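Close look at the chain arrangement
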Amino acid sequence: MKKFSYLILMMLAVTACNDDVKDEAINKNMAKVKAPPVVKEYGFVLNDFEVVVDTIARGDFFGSILDKQGVSPGKVHEISEKVKDTFNPARIIAGKKYIILKDKDSAQTPKFFIYENDKINYTVVNLNEPAAYKAKRPVTIKKREISGVITSSLSEAMQNQGLSNLLVYELSNIYQWSIDFFKLQKGDQFKMVYEEKYIDDTIFAGIENVEAAVFKHSGRPFYAFNYETDSITGKANFYDEEAKALQSFFLKAPLNYSRISSRYTKRRFHPVQKRWKAHLGTDYAAATGTPIVSTADGTVIASSYTSGNGNYVKVRHNSKYTTQYLHMTKRNVRNGQRVKQGDIIGYVGSTGLATGPHVCYRFWVNGRQVDPYRQNLPTAKHIENEHKEAYFATIDELKQRLDSIPYQEI
């Protein structure tokens, strides 16, 4: 009997030991199964909701999107009326991302509609207690330095380094008054000190600011420093190392970035009329629909159409200077309208006597048509003498930083 009792005790001990081993194994396995990471975005813990992520398609509207999620037309109308001052449902744009947050229960009731206005800004609409507010995703600013060399074009130089094409726009915008980007040469070099925006420290969201640049064109360095001239409005312009403004009274060209297909000349074989005649303008070839801008402030004195000019716009800048822009596919201004330098006045086309999409840019001085590239045109206001000391003190460190960046070679 004692032996039997002893055997039972031994079996119970072994069983208990096995149970402990099993419990330990289960605990280890459970420890290996990690809880899903907490995802926080748009001010919400997304783990707490059923999340619908989609893009607004052509033909979609606020009501149709919410109808698919079971929101009644009456509720949509109520929401639209209460939030229209912050969020206009009629102005949602195809291609924009939206997110709907729903309850995790069986009913999956939609609670919030989030509309991405752009990469940084978004709008949150509370669907249950109709209200809306605007917010921004967290943005960090990172300083960058680059150096490049022209082999064929500025855009290719950027692409060769894996850089954003936004930098092409920034450089061409800075130097549009002082460098002819249609005459860049192989071996021209550039350097920049600038800031980039990142969402959540990882997603590139564009260029925040260009602090300084130098572009060596035909062996001559053109410096540019971003300097605030009005602390109240925050207005800033680019100036060179001698405190002279880079901005000119006139832009170099009516297109941001293109190529000259035909220059001003007293004798050219006309491709449509098939005869030799004067060409008193400069042709800039570009894709149909490319924006055409006014090269200086002024007043529109003609926005019309003729069989030769096609759609055209003429701008009087002052008593001395007038410009004209021909062959537009569409005009964007009316007679008598005031325009600022850089305002879009039309779009590239091939209307009138034109064989392909381009803009013919014409220039008058005191009523006489001239070649704008041969004119000594006025520049913007330089930094005044009493402010130069502060300017030079501000740019000194930036210039040293620029000069310490090595130029790239071909």
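Conventions and cut-offs
- Residues numbered from 1 in each chain as written.
- Predicted model: local features only at pLDDT ≥ 70, side-chain atom pairs only at ≥ 80, totals over all residues.
- Heavy atoms only, no water.
- Helix = DSSP H or I, 4+ residues; strand = E, 2+ residues; numbered from the N terminus.
- Buried < 20%, exposed > 50% of the residue type's maximum accessible area, 1.4 Å probe, protein only.
- Contact = heavy atoms within 4.5 Å.
- Areas by Shrake-Rupley, 256 points an atom, 1.4 Å probe, with all protein chains shown as cover.
- Salt bridge = Lys/Arg side-chain N within 4 Å of Asp/Glu carboxyl O.
- Pairing = 2+ DSSP bridges.
- Phe/Tyr/Trp six-rings, centres within 6.5 Å; stacked < 30°, edge-to-face > 60°.
- Lys NZ or Arg CZ within 6 Å of the ring centre and 35° of its normal.
- Axes fitted to C-alpha atoms, helices over the stretch in contact; angles between N-to-C directions.
- Core = buried A, V, L, I, M, F, W, Y, C linked by side-chain atoms within 4.5 Å.
- pLDDT = per-residue confidence, 0-100.
- Polar contact = N/O pair within 3.5 Å; in protein donor to acceptor, adjacent residues only side chain to side chain.

To continue, consider the overall build of the protein. Helix and strand content of the protein: 6 helices and 24 strands. Buried positions account for 40% of the 410 residues belonging to the protein. For the protein, the share of sequence-separated contacts (at least 6 apart) that also reach a separation of at least 24 residues comes to 61%. Summing over all exposed atoms, the protein offers an accessible surface of approximately 23,300 Å²; the carbon and sulfur share of this is 50%.

Further remarks concern the pattern of salt bridges. Applying the stated criterion across every chain yields a total of 17 salt bridges. In this structure, Arg137 engages Asp200 in a salt bridge whose closest nitrogen and oxygen atoms are separated by 3.9 Å. Highlighted residues: Arg137 in the loop between strand E7 (131-136) and strand E8 (139-149) and Asp200 in the loop between strand E9 (189-199) and strand E10 (203-217), separated in sequence by 63 residues. On the basis of relative accessible area, Arg137 is assigned to the buried category, the value being 12%. One salt bridge in this structure joins Asp297 and Lys340, with 3.4 Å as the shortest N-O distance. Here Asp297, found in the loop between strand E17 (291-293) and strand E18 (298-306), pairs with Lys340, found in the loop between strand E21 (338-339) and strand E22 (344-348); they are 43 residues apart in sequence, far enough to count as distant. The exposure class of Asp297 is partly exposed, given its relative accessible area of 29%. By sharing partners, the salt bridges in this structure join Glu41, Lys97, Glu116, Arg137 and Asp200 into a single network.

In this section: the pairing of strand E16 (residues 282-285). What you see with E16 is no split at all: Thr282 and Tyr284 on one side and Asp283 and Ala285 on the other are buried throughout. Note: E16 against strand E23 (residues 358-365), 4 bridges, orientation antiparallel. Bridging from a neighbouring strand, Thr282 pairs with Tyr361 of E23.

For the rest of this paragraph, the subject is the packing of aromatic side chains. This structure, assessed with the given rule, holds 24 aromatic pairs. One aromatic cluster is present, formed by Phe249, Phe250, Tyr284, Tyr321, Tyr325, Tyr361 and Phe363 through successive ring pairs. Seen from the ring of Tyr198, Lys142 lies directly overhead, with NZ or CZ sitting 4.5 Å from the centre. One Lys or Arg, Lys314, reaches over the ring of Trp364 and ends 4.1 Å from the middle of that ring.

Here we take up helix H5 (residues 166-174). Taken together, the buried positions of H5 are Leu167, Val168, Glu170, Leu171, Ser172 and Ile174. Those residues of H5 hidden inside the fold are in contact with E8, helix H4 (154-160), E9, E10, strand E11 (220-230) and strand E12 (235-239).

With that settled, consider unusual backbone geometry. Backbone geometry places Gln108, a non-glycine residue, at a positive phi of 45°. Counting through the fold element by element, Gln108 comes out in the loop between strand E4 (97-102) and strand E5 (110-116). Since its relative accessible area comes to 31%, Gln108 is described here as partly exposed. Here the phi dihedral of Asp201 falls at roughly 70°; this positive angle occurs in a residue that is not glycine. Residue classification places Asp201 among the partly exposed residues on the basis of a relative accessible area of 41%.

A few words now on the sheet that holds E4. Pairing in this open sheet of 5 strands is antiparallel, and the strands run E3-E4-E5-E6-E7 from one edge to the other. Taken across any chain shown, the strands that pair with only one partner, and hence form the sheet edges, are strand E3 (50-55) and E7. In this sheet, neighbouring strand axes are inclined to one another by 20° on average, regardless of whether the strands run parallel or antiparallel. Both E4 and E5 contribute to a ladder of 5 bridges, which runs antiparallel. The residue bridging Ile99 from the neighbouring strand is Ile114, located in E5.

Right, let's talk about the nonpolar core for a bit. Leu154, Met158, Leu171, Tyr175, Phe190, Met192 and Phe215 are the most contacted members of the largest nonpolar core, which totals 24 residues. Looking at this core, the elements with two or more residues in it are H4, H5, E9, E10 and E11. The contact partners of Met158, leaving out residues within four places of it in the chain, are Ile146, Leu163, Ser164, Leu167, Val168, Leu171, Phe190 and Met192. With 22 residues, the next largest nonpolar core counts Ala286, Ile292, Tyr361 and Val370 among its residues.

Moving on, we get to the sheet that holds E8. Sheets are built from strands that pair by backbone hydrogen bonding, the pairs being arranged parallel or antiparallel. Across the sheet, which stays open at both edges, the 5 strands sit in the order E8-E9-E10-E11-E12 with antiparallel pairing between neighbours. Strands with a single pairing partner mark the edges of an open sheet, and in this sheet they are E8 and E12. In this sheet, adjacent strand axes meet at a mean angle of 25° when their direction is disregarded. Two strands pair when backbone bridges link them, and E9 and E10 are joined in this way by 10 bridges, in the antiparallel orientation. Within E10, the position partnered with Glu195 by the bridge is Asn209. Relative to E11, helix H6 (residues 385-404) is tilted by about 130°, and along the sheet it contacts E8, E9, E10, E11 and E12.

This next bit is on the confidence of the model for the protein. Confidence in the prediction of the protein, expressed as mean pLDDT, is 86, and 86% of residues score 70 or more. Confidence drops under a pLDDT of 50 for residues 258-270, and excluding neighbours within four residues, the segment shows 54 contacts in the predicted structure. Considering only residues more than four positions removed or in separate chains, one finds that residues 272-278, a stretch of pLDDT under 50, has 18 contacts.

The subject of this paragraph is the side chain of His317. Summarising the element assignment, His317 is placed in the loop between strand E19 (310-316) and strand E20 (321-331). Within the local environment of His317, its side chain forms a polar contact with the backbone oxygen of Asp297, the two atoms lying 2.8 Å apart. At 2.7 Å, the side chain of His317 forms a polar contact with the side chain of Thr323. Excluding residues within four positions of it along the chain, His317 makes contact with Phe249, Phe250, Ser294, Thr295, Ala296, Asp297, Gly298, Thr322, Thr323 and Tyr325.

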